[in-house]
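Commentary on secondary and tertiary structure
Each chain, written out:
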Amino acid sequence: MADLGGAGEPPNKKIRIERTLFNRVRTLVNSHKNVLSNAIKKLSTDQWVTFCFVRILNCNGAYPCSFSRAWCETIRNIQDPTVDECERFIVKFPSIFNIALVKQFLDFSDETDDSTFSDNQLTALQRLAVFLDTLHETNTIMEKQPIKSFKESGWAAFLGTHVLSKLAVSNQMTIDCGYTDKTTTCPCGCMTPIHVGDNSMGHEAVWHGSVDILLGPVAIVSSCPETLSEVDEERSSAFEMKIGEIEESRNQVIAETIVFSFTQKSGLVPTICVTRDNMKILMYDPEFDLLYESSEIQLFEPLEGLKFNLTTVVALWLAINYSHFCTGVKPSHEKFGYTADFKRIVEKAFPIYNEGMKMGGCKHVKSTIGKYKAPENIGKFPSLDD
Ligand SMILES: [Zn+2]
């Protein structure tokens, strides 16, 4: 028989510590059980947020180009006329994120093995529970802010401070130093310090530039029109949702998603795009060359001012903590084979993406490589006769 006693003190101690964290998180999460179960149920359907696949038909990713000038012509598999209608598949949220595990935690019984949950997953659940505990305060802070007058970067810093970083296991948040307001505290006046740094990535010879927020291993892009006066007067009446804002900056977000994923080299990596009303998750896996794009989801409850939609909060929480909950590309997704075709499109530049990507030190630099120069033609050439 194996010796269970005697020298068994260190493992016992470890189990006791783990159980302490587990029990603490269980207590915290339990008070939000109904809300979370409801959100999980919604995320499991195809009625809330789903993903489709994106194929790149053409892009300027093989040339020295900053994100702000990145363009790509794309098609989604669900709109592709060359794909048979019965094969226009979408991917449900639980196909990429381990929602079953969260459900298992919520439905915990004596038979459930608590070692199923890693410390990071428990910490993530703890962050979510604490965020929900203090949601009322967050809502109050939000309602006092002239959110509509925040510039794009200000909105990113505010949302990052009061929402995104609170949901993240890794709460190391860096706002890009191109951030125009040049402040080191949250723009709402709460005096929370923000870390400002160089969020640039990529390579000068191809797509490169900065993302607004880096939250541990997650890139967050804020996309809000800067000319707000007219748009916002229209919107302020009922905080009416405007679908399509992300669509305008989609080219840039796709470039950022692909570049960021190549820098991370950790499989399926998300880039989250937020506007003042909506969010969208894009995910790219360089190995399988699959680009997933979520539908746009509303940040707030319709007609309830700035009250967060809790299903969106849970989706955002899962995406932010993807390294603990993302299950990666499924064999069925690979088999479906609607690839982004990025490698084929950028051809000779592909090795730069595969081996030469870097984090930091590649802001919008002026590159001389392959720079286009218009020919001098004034007064130099004879003209054709009429
Ligand atoms: Zn603040």
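Quick note: structure is the one above.
Residues numbered from 1 in each chain as written. Predicted model: local features only at pLDDT ≥ 70, side-chain atom pairs only at ≥ 80, totals over all residues.

**As for the sheet that holds strand β7 (residues 200-202)**
On the basis of which strands lie adjacent, the open sheet formed by four strands has the order β2-β8-β7-β15 and mixed pairing. Looking along the sheet, the strands with just one partner apiece sit at the ends: β2 (65-66) and β15 (358-359). In this sheet, β15 lies alongside β7 in antiparallel orientation, the contact comprising two bridges. Bridge assignment links G202 to a residue of β15, and that residue is K358. (Pairing = 2+ DSSP bridges. Helix = DSSP H or I, 4+ residues; strand = E, 2+ residues; numbered from the N terminus.)

**So, the nonpolar core**
In this structure, L164, I213, L215, I220, V314 and I320 are the most contacted members of the largest nonpolar core, which totals 96 residues. In contact with I320, not counting residues within four places along its chain, are L164, L167, A168, L215 and V218. (Core = buried A, V, L, I, M, F, W, Y, C linked by C-beta atoms within 7 Å. Buried ≥ 20, exposed ≤ 12 C-beta atoms within 10 Å, placed from the backbone. Contact = placed C-beta atoms within 7 Å.)

**Topic: the packing of helix α2 (residues 33-44) against helix α10 (residues 310-320)**
Two elements in contact, α2 and α10, have axes whose closest approach is 9 Å; the angle formed by their N-to-C orientations is 75°. With respect to each other, α2 and α10 are oriented roughly perpendicular. Counting all contacts with α2, which are made through V35, L36, A39, I40, K42 and L43, the residues of α10 involved are L310, T311, V314 and A315. A class-by-class count of the residues in the contact of α2 with α10 yields eight nonpolar, one polar and one charged. (Axes fitted to C-alpha atoms, helices over the stretch in contact; angles between N-to-C directions. Parallel < 35°, antiparallel > 145°, perpendicular 65-115°, else oblique. Nonpolar A, V, L, I, M, F, W, Y, C, P; charged D, E, K, R; others polar.)

**Overview of helix α4 (residues 119-133)**
Along its 15 residues, α4 runs 21 Å from first to last C-alpha, staying within 8% of the 21 Å computed at 1.5 Å per residue. When α4 is considered as a whole, its buried residues turn out to be L122, A124, L125, R127, L128, A129 and L132. (Expected span 1.5 Å × (residues − 1).)

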